Amino acid sequence: MLNNYLQLALRKLSKHRDYAFLNVLGLGLSVACGILIFMHVRHHLSFDDYHQNADRIARIVMDIKTEKTMRFAGVPTPMAKTLREEYPIFEKTAICAAQDVSVISVANTTGGTDKFNAEKIMAWTEPNLLEILDLPLVRGDVQALREPNTALITEKLAQTYFGNTEPLGKIFRVNNEIDLRVIGILQNLPENTDYTKQILGSWATVATNPDYIRGVGSWSSGSGGNHCFVRLQHGHNWAETAPIMAEIAQKHPHRNGADFFQYKAMPLVGLHFDDQYGFKMNRQSLWVITLIGLFLLITGCVNFINMATAQALDRSREVGIRKSLGSTRDQLFWQFIFETGIIVAASLVVGFLLAYAALPLLNTWMNQTLRFSGSTAWALVGFAAILGISLTFLSGFYPGWILARFNPVASMHGVVEMPRAGGFPIRKTLVTTQFFISQILIIGAVVVTAQMKFAQDAVWGYRPGEVLTLPVPDPAQKNNLQQQLTQLAGINSISLCEHPPATNRDNFANVIFDNRKDAEQWLTSNKPVDARYFETFGLQLVAGRNLQPSDTIREFVVNETFVKKLNLRSSEDIVGKMATIDGVLGPIVGVVRDFHHSDLSKPIEPVAFGTDAIRYSTCAIQLAPGNPTAALTQIQKTWETLFPNNYYEHKFMDERIEDFLKTETMVLRLVRTFAGIAIFIGCLGLYGLATFMVARKRKEVGIRKTLGASITGLLWLFGKEYAVLIGLAFLLAAPVGWWATHQWLQDFAYRAPIGAGVFFIALLATVVIATMTVGVQSVRAALADPVESLRSE
């Protein structure tokens, strides 16, 4: 029986090659997108679930209570020690503090020094971290991490730093300040983890450093990179930690009050999707991508069903003959399912080949390294099996049922009709569904494009280009660097500061204004800058004057939002008033126009500027207009002369804006790509349908032309049906598209408006695409010789 099914299926598909090709290509594209999206979603859903005790591991985070709740990823440094010594519910605790931009120096065999950029890959940690997280030690002694000036590194870094020599016992230098001895080699980190520190320096190295402890060692301060990991004892649950966190806030109050810092334990599994506490992967975005993948698979299935049901009418005589010869409905149904299975199998092969070819591009877009290997390969085998069976029955059930139920007498005469759903032909329902999905994706692509354009054209409040920033590794050399750079040609202005206007890093401070008794119920971003900061970055004063040159904080300049938070009538009203900001009292001498110091998803916050030379770690340079190549070369040469043991890297302000827009750029690429694929699949289906429709109406067209019908009238004969379906799909897609894009835009404090033009573009694009697809066949039929058309019977 199966052999008979196979022979009949192959014979039928070879006879209708165009039908088979269009279906394999359409389904293959859908399968390729489904595979890539499955790999992406599976990758993110698996983050940090590989730890042996993942369900008992959490990270302590905190909320800062001001006029609104601020989510904060880090905690005060004493947290881990306090939990370990006072609360036995926690089996293990460990502090892990990220090290700022690090330069690793390693002595080479020639007597020189090799330098490596170690940005975002190093942290100081307690040995207990390796008992909480699964960080397998390949060799070495983890207990030696209790000693100062020791470190663990991964196999990858051991190879990079020391080549093929034995790394244990070797010395490397961090930021030209601290020598660390390698006491262990860690297994390379998996790709599905958010904890990507490949260098773990001993906590004992910094625990006694007075500068470090003064910065983050109290209960009234903390760094976003200070992560406290805990593991619960068996038999306890996370609900039991809530009163403990509240008790700690009371026993170790912030100087602003016991309720200012509020702590909570966030389970490790699922924290990957919590963008409020340090990670950028939004669960909503993942489900949107999943929904798009489902839409594409539905589009491929609808495409197949439309073409199969259209072809079913041409197979009516075949069905009539086979029924007359004794074939049952079940045999006819399973014969068509078998044909569908062959097409789906071919589509799976095509889909995997396309996905394999497209995976490097997806990895580049998403900044990840997915591969068709390991556990992913086995997961894909299961996914392919489920997908193949699902597509076979979803795509083949309805056409097979249609063929099997044809009346043999009517089939022999070629007089059959397609069934109707509620008075509306099912084929038209499916075409409408296809248009509906395409229009939703077009609306999404237009809205995301509009938001990107809005962000790119936004007035950020500072010079987006021609200003670059350099790190200042050695504070003792900052003035020397500024003086030498000032002498170079092609430079307009130079400023020393802690951070540029556009940054994801902030120092939040409380504010006591004028003679008010209590601190304000909000925090300000406190930016240490020199007197040339506003000139260099193009920040505009709207009231008062600039800061006077000084190495210490003597006065402040604030932004307009700072004034609004104080409920003052105008910027002039604040000039000359006294304020205590982060414990320092001084007059407010000026107000600058508001600027975006973060991405557009966040509202503009209050900002205060003051001169504080000890905290300057960045040099900002405004270049003169023209070709900057010569100036950049001289800047690098000057910098490397002053800091020969450090890693040179500069960054333009417009690059920082691009960093803010990374997520939106990724979403835009995905939506545009998938919308284009959905439209292309739809075009394949429309082209196939138009071909069958023209063939069926060929005799009718000949009669109409003989009776004097015009070319325009004949074209409308073919186009009116699609015009109605496009209009109906638009009426359904417009409100759904508006709701979906409106929800997405709610994540932005500043966003592009959704106007009627968005929906007009979606409708116009669908009409144009459908007209071009169907028009070729329609024009050919309308221009055909009526004599040949009448003979086609």
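Scroll up to find the structure this text is about.
Definitions and cut-offs
Residues numbered from 1 in each chain as written. Predicted model: local features only at pLDDT ≥ 70, side-chain atom pairs only at ≥ 80, totals over all residues. Heavy atoms only, no water. Helix = DSSP H or I, 4+ residues; strand = E, 2+ residues; numbered from the N terminus. Buried < 20%, exposed > 50% of the residue type's maximum accessible area, 1.4 Å probe, protein only. Contact = heavy atoms within 4.5 Å. Areas by Shrake-Rupley, 256 points an atom, 1.4 Å probe, with all protein chains shown as cover. Phe/Tyr/Trp six-rings, centres within 6.5 Å; stacked < 30°, edge-to-face > 60°. Salt bridge = Lys/Arg side-chain N within 4 Å of Asp/Glu carboxyl O. Pairing = 2+ DSSP bridges. Axes fitted to C-alpha atoms, helices over the stretch in contact; angles between N-to-C directions. Core = buried A, V, L, I, M, F, W, Y, C linked by side-chain atoms within 4.5 Å. Parallel < 35°, antiparallel > 145°, perpendicular 65-115°, else oblique. Left-handed = near helix turned anticlockwise from the far one by under 90°. Nonpolar A, V, L, I, M, F, W, Y, C, P; charged D, E, K, R; others polar.

Colleague: How would you summarise the overall build of the chain if you had to cite specific residues and measurements?
Modeller: Summing up its helical and strand segments, the chain has 24 helices and 26 strands in all. The buried share of the chain, reckoned over its 793 residues, is 51%. Partitioning the intrachain contacts of the chain with sequence separation of at least 6 by distance along the chain shows that 80% fall at a separation of at least 24. Only carbon and sulfur atoms are counted for the fraction: they give 57% of the accessible area of the chain, which is about 36,200 Å².

Colleague: A description of the packing of aromatic side chains should follow, citing residues and the corresponding values.
Modeller: By the definition in use, this model includes 16 aromatic pairs. Arranged with centres 6.3 Å apart and planes meeting at 45 degrees, the rings of Tyr161 and Phe172 form a pair that is tilted. Residue Tyr161 is located in helix α5 (residues 155-162), and its partner Phe172 is located in strand β9 (residues 171-174); the two are separated by eleven residues in the primary sequence. When its relative accessible area of 7% is taken as the criterion, Tyr161 is described as buried. When the centroid spacing of 5.7 Å and the interplanar angle of 45 degrees are considered together, the rings of Tyr356 and Phe372 count as tilted. Of the two residues, Tyr356 is situated in helix α11 (residues 329-366) and Phe372 in the loop between α11 and α12 (375-404); the sequence distance between them amounts to 16 residues. Since its relative accessible area comes to 59%, Tyr356 is described here as exposed. Site record: aromatic cluster; members linked through ring pairs are Tyr462, Tyr533, Phe534, Phe537, Phe595 and Phe609.

Colleague: Lay out the pattern of salt bridges in plain terms, naming residues and giving numbers.
Modeller: Applying the stated rule across the entire model yields 19 salt bridges. For Arg181, the salt bridge identified is with Glu147, shortest N-O distance 3.3 Å. Placement of the pair is Arg181 in strand β10 (residues 178-186) and Glu147 in the loop between β7 (137-140) and β8 (150-154), with a sequence separation of 34 residues. Relative accessible area serves as the criterion here: at 38%, Glu147 is assigned to the partly exposed category. In this structure, Arg615 engages Asp612 in a salt bridge whose closest nitrogen and oxygen atoms are separated by 3.8 Å. When salt bridges that share partners are traced, they join Arg56, Glu91 and Arg231 into one network.

Colleague: I'd love a proper account of the pairing of strand β12 (residues 226-232), names of residues and values included.
Modeller: For β12, the tally of buried residues reaches seven of seven residues, placing the bulk of the element in the interior. Side chains Asn226, Cys228, Val230 and Leu232 of β12 all project onto a buried face; the interleaved residues His227, Phe229 and Arg231 project onto the opposite face, where all are buried too. The pairing of strand β3 (residues 90-98) with β12 spans seven bridges and is antiparallel. Within β12, the residue paired with Cys96 across the bridge is His227.

Colleague: With reference to specific residues and values, describe the environment of Glu177.
Modeller: Looking at the secondary structure, you find Glu177 in the loop between β9 and β10. Between the C-alpha atom of Glu177 and that of Val103, which follows or precedes it by 74 residues, the distance is 9.9 Å.

Colleague: Help me get a handle on unusual backbone geometry, residues and values and all.
Modeller: Positive phi, normally seen in glycine, also occurs at Asn149, with a value near 60 degrees. Structurally, Asn149 is set in the loop between β7 and β8. Positive phi values are uncommon outside glycine, yet Asp582 reaches one of about 55 degrees.

Colleague: Pulling in residues and values, what's your account of the sheet that holds strand β25 (residues 618-623)?
Modeller: Read across the sheet, four strands follow the order β17-β25-β16-β26 without closing on themselves; strand pairing throughout is antiparallel. Each edge of the open sheet is held by one strand with a lone partner, namely β17 (491-497) and β26 (651-652). Where β17 meets β25, six bridges bridge the pair, whose relative direction is antiparallel. Looking at the pairing, Ser495 lines up with Ala620 of β25. Strands β16 (467-471), β17, β25 and β26 of the sheet are contacted by helix α18 (residues 629-642), whose axis makes an angle of about 15 degrees with β16.

Colleague: So what's going on with the nonpolar core? Which residues, and what values?
Modeller: With 96 residues, the main nonpolar core has Tyr462 and Phe609 as its most contacted residues. Element by element, the count of residues in this core is highest for helix α14 (residues 426-457), at 14 residues. Among the nonpolar cores identified, the runner-up in size contains 51 residues, and Ile104, Ile121, Trp203 and Tyr263 belong to it.

Colleague: Go over the side chain of Ser525, please, and point to the residues and values.
Modeller: Structurally, Ser525 is set in strand β19 (residues 523-528). If we skip the residues at most four places from it in the chain, Ser525 touches Asp506, Asn507, Phe508, Pro606, Val607 and Ala608.

Colleague: Which residues make up the packing of helix α15 (residues 478-486) against α18, and what are the values?
Modeller: Interaxial distance between α15 and α18 falls to 10 Å at its minimum, and their mutual angle equals 150 degrees. The orientation of α15 with respect to α18, classified from their angle, is roughly antiparallel. The way α15 lies across α18 gives a crossing that is right-handed. Side by side, α15 and α18 meet where Asn480, Leu481, Gln484 and Leu485 of the first sit next to Ile635, Thr638, Trp639 and Leu642 of the second. Residues belonging to the contact of α15 with α18 are distributed by class as follows: five nonpolar, three polar and no charged.

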